[in-house]
Amino acid sequence: MKDIIENEIKRFLSENEENKFFADTPLVGYADVKDPLFTKYKEIIGDFHLTPEEFFRTSYPGEDLTEGTVISWILPIKESVRDTNRTQDLMPSKEWAHGRNFGEQFNKSLREHMQEFLRDKGYKTISPMLSEKWERIKSDSVGYASSWSERHGAYACGLGTFGLSDGFITEKGIAHRCGSVVTELKLEPNTRGYESPYENCLFHSQDKCGACMKKCPAGAITKDGHDKDICHDYIREQVMAAVNEKYGVKMPGCGLCQVGVPCEKKAPVH
Ligand code: B12
């Protein structure tokens, strides 16, 4: 069944016009919906971060998710797009801005598609970010967050670890977008081949690098980590004002910390 799921994601990527300029061959990982990590996220992130079962119940009220799987995918950003952003020092390239805007619309289509695909096969399924319970949150302890972090889902699925910039470093690097579904279909979970949540980051694991600190045009990344307020305000105030009209996109992003760094397209520790 894993083959069928992975082929379907790849087919959707290759045949969908929306994805023409965005994602390369994806990575797919699996976690048990009952993995204690999902409950632990309520301590690490906050009570507002919901478990797979809590999302499941919003679509299937009164039903228990006795067994099942979180399926997470990583959509690595194409080299042609990364190339254009690597030469920027203040604002994202047009291609990256489009990738953030239309790439996320495509990612949403993929969530909808995989939700339907598994439902059609007879398995109750919900994609957390499509649920009415998914919301953006600003918490006192962790700042900007949401009720389902796709990266924490991907971490549980064994797909990688976090970096100094907060970005998620996979075997195909940090420059990607990610998504997930929760399904009652039971599949063998991935083994998490790491011991710490920052293992793939050279700065954290080997006390070297810090290239993303130099790349951030807003000064949001220091040896103490990523200041989300500075990052957020730079994207919302400076980047949006500069590129909205110029590139014709509503949600441009920045992503300069994800290119021209050793973790751009691989996990540099391996
Ligand atoms: C809110 C948000 C933001 C906020 C805050 C980002 C943040 N760090 O959370 C702002 C506006 C700053 C932002 C900016 C960007 N974003 Co944004 N954003 C989101 C959103 C909507 C929610 C994120 C969330 O819920 N975070 C939860 C908090 C708690 O996460 P956190 O603070 O990073 O968690 C840290 C701790 O919990 C820590 N930790 C501490 N102890 C432990 C212990 C364990 C066991 C573990 C596992 C972790 C852990 O790990 C984390 C890293 O330090 C997601 C979509 C989604 N639903 O996930 C996209 C998302 C995170 N954004 C994304 C992107 C690409 C960006 C940008 C690059 C913009 C762009 N598109 O060009 C920038 C820079 C990202 C960055 N450096 O983090 C991608 C990230 C993919 C990736 N490559 O990592 C996401 C996943 C969207 C997507 N669908 O792909 N974003």
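Residues numbered from 1 in each chain as written. Predicted model: local features only at pLDDT ≥ 70, side-chain atom pairs only at ≥ 80, totals over all residues. Heavy atoms only, no water.

The subject of this paragraph is the pattern of salt bridges. Enumeration over the complete set of coordinates arrives at 19 salt bridges. Taking the shortest distance from any N to any O, the salt bridge between Glu15 and Arg11 comes out at 2.7 Å. Note that Glu15 and Arg11 are positioned in helix H1 (residues 2-15) at a spacing of four residues, about one turn of the helix. Relative accessible area serves as the criterion here: at 56%, Glu15 is assigned to the exposed category. Taking the relative accessible area as the measure of exposure, Arg11 reaches 31% and is therefore partly exposed. Between Lys42 and Glu54 there is a salt bridge, with the nearest N and O atoms lying 3.0 Å from each other. Pair noted here: Lys42 is in helix H2 (residues 36-44) and Glu54 is in helix H3 (residues 52-59), with a separation of twelve residues, a long-range link. By relative accessible area, Lys42 is classed as buried at 18%. When salt bridges that share partners are traced, they join Lys34, Glu53, Arg57 and Asp64 into one network. (Salt bridge = Lys/Arg side-chain N within 4 Å of Asp/Glu carboxyl O. Helix = DSSP H or I, 4+ residues; strand = E, 2+ residues; numbered from the N terminus. Buried < 20%, exposed > 50% of the residue type's maximum accessible area, 1.4 Å probe, protein only.)

So, about the site of the ligand. The ligand sits among 40 residues. The nearest are Ser146, Ser165, Ile174, Tyr198 and Lys228. Arg177 places a side-chain nitrogen or oxygen 3.3 Å from a nitrogen atom of the ligand. Of all elements in the fold, only H2, helix H5 (94-120), strand E5 (143-146), helix H6 (150-156), strand E8 (176-183) and helix H9 (228-247) reach the threshold of two or more residues within the shell around the ligand. Counting residues per element, the shell around the ligand draws most heavily on H5, which supplies five residues. Across the shell around the ligand, the residue classes break down as 19 nonpolar, twelve polar and nine charged. (Near = heavy atom within 4 Å. Polar contact = N/O pair within 3.5 Å; in protein donor to acceptor, adjacent residues only side chain to side chain. Nonpolar A, V, L, I, M, F, W, Y, C, P; charged D, E, K, R; others polar.)

Read across the sheet, four strands follow the order E1-E2-E8-E3 without closing on themselves; strand pairing throughout is antiparallel. Since the sheet does not close on itself, it has two edges, and those belong to strand E1 (27-32) and strand E3 (125-126), each with one partner. Where E1 meets strand E2 (residues 69-76), six bridges bridge the pair, whose relative direction is antiparallel. Within E2, the position partnered with Tyr30 by the bridge is Ile71. (Pairing = 2+ DSSP bridges.)

Quick look at the nonpolar core now. Membership of the largest hydrophobic core comes to 26 residues, with the highest contact counts inside it found for Phe38, Tyr41, Val70, Ile74, Tyr155, Leu159 and Phe168. When residues of this core are traced back to their parent elements, those giving at least two are E1, H2, H3, E2, H6 and E8. Apart from residues no more than four positions distant in its own chain, Phe38 is found in contact with Ala31, Asp32, Val33, Thr51, Pro52, Val70, Trp148, Gly153 and Ala156. Judged by nonpolar contacts, the second largest core, of 24 residues, contains Ile9, Phe12, Trp73 and Phe106. (Core = buried A, V, L, I, M, F, W, Y, C linked by side-chain atoms within 4.5 Å. Contact = heavy atoms within 4.5 Å.)

Here we come to the packing of H1 against H5. Relative to each other, H1 and H5 sit at 140°, their axes nearing to 11 Å. When the interaxial angle is binned, H1 and H5 end up oblique. Classified by chirality, the crossing of H5 by H1 is right-handed. Listed contacts from H5 to Ile4, Ile5, Glu8, Ile9, Arg11, Phe12 and Leu13 of H1 are Phe106, Ser109, Leu110, His113, Met114, Phe117 and Leu118. The class makeup of the residues in the contact of H1 with H5 is ten nonpolar, two polar and two charged. (Axes fitted to C-alpha atoms, helices over the stretch in contact; angles between N-to-C directions. Parallel < 35°, antiparallel > 145°, perpendicular 65-115°, else oblique. Left-handed = near helix turned anticlockwise from the far one by under 90°.)

Let us look at the pairing of strand E4 (residues 136-139). On E4, burial follows the alternation: Ile137 and Ser139 on one face are buried, whereas Arg136 and Lys138 on the facing-out side are not. The pairing of E4 with E5 spans four bridges and is classified as antiparallel. Residue pairing for E5: Ile137 is matched across the bridge by Ala145. Once E4 ends, the chain turns through three residues before running back antiparallel as E5.

Among the residues making up helix H4 (residues 79-86), those that are buried are Val81, Arg82 and Asn85. All buried residues of H4 fall inside an arc of 95° around its axis, so they share one side. Taken together, the buried residues of H4 touch H5. (Arc of directions from axis to C-beta.)

Aromatic ring pairs: the centre-centre distance and the angle between the two ring planes describe each pair. In this structure the tally under the stated criterion is ten aromatic pairs. Centroid distance Phe22 to Phe106: 6.4 Å. Interplanar angle 70°. Geometry classified as edge-to-face. Highlighted residues: Phe22 in the loop between H1 and E1 and Phe106 in helix H5, separated in sequence by 84 residues. The pair formed by Phe22 and Phe106 is uniform in burial state, with each residue classed as buried. Between Phe162 and Tyr198, the aromatic rings sit 6.4 Å apart at their centres with planes inclined by 55°, giving tilted as the arrangement. Placement of Phe162 in strand E6 (residues 160-162) and of Tyr198 in the loop between E8 and helix H7 (202-206) is noted, with a sequence separation of 36 residues between them. (Phe/Tyr/Trp six-rings, centres within 6.5 Å; stacked < 30°, edge-to-face > 60°.)

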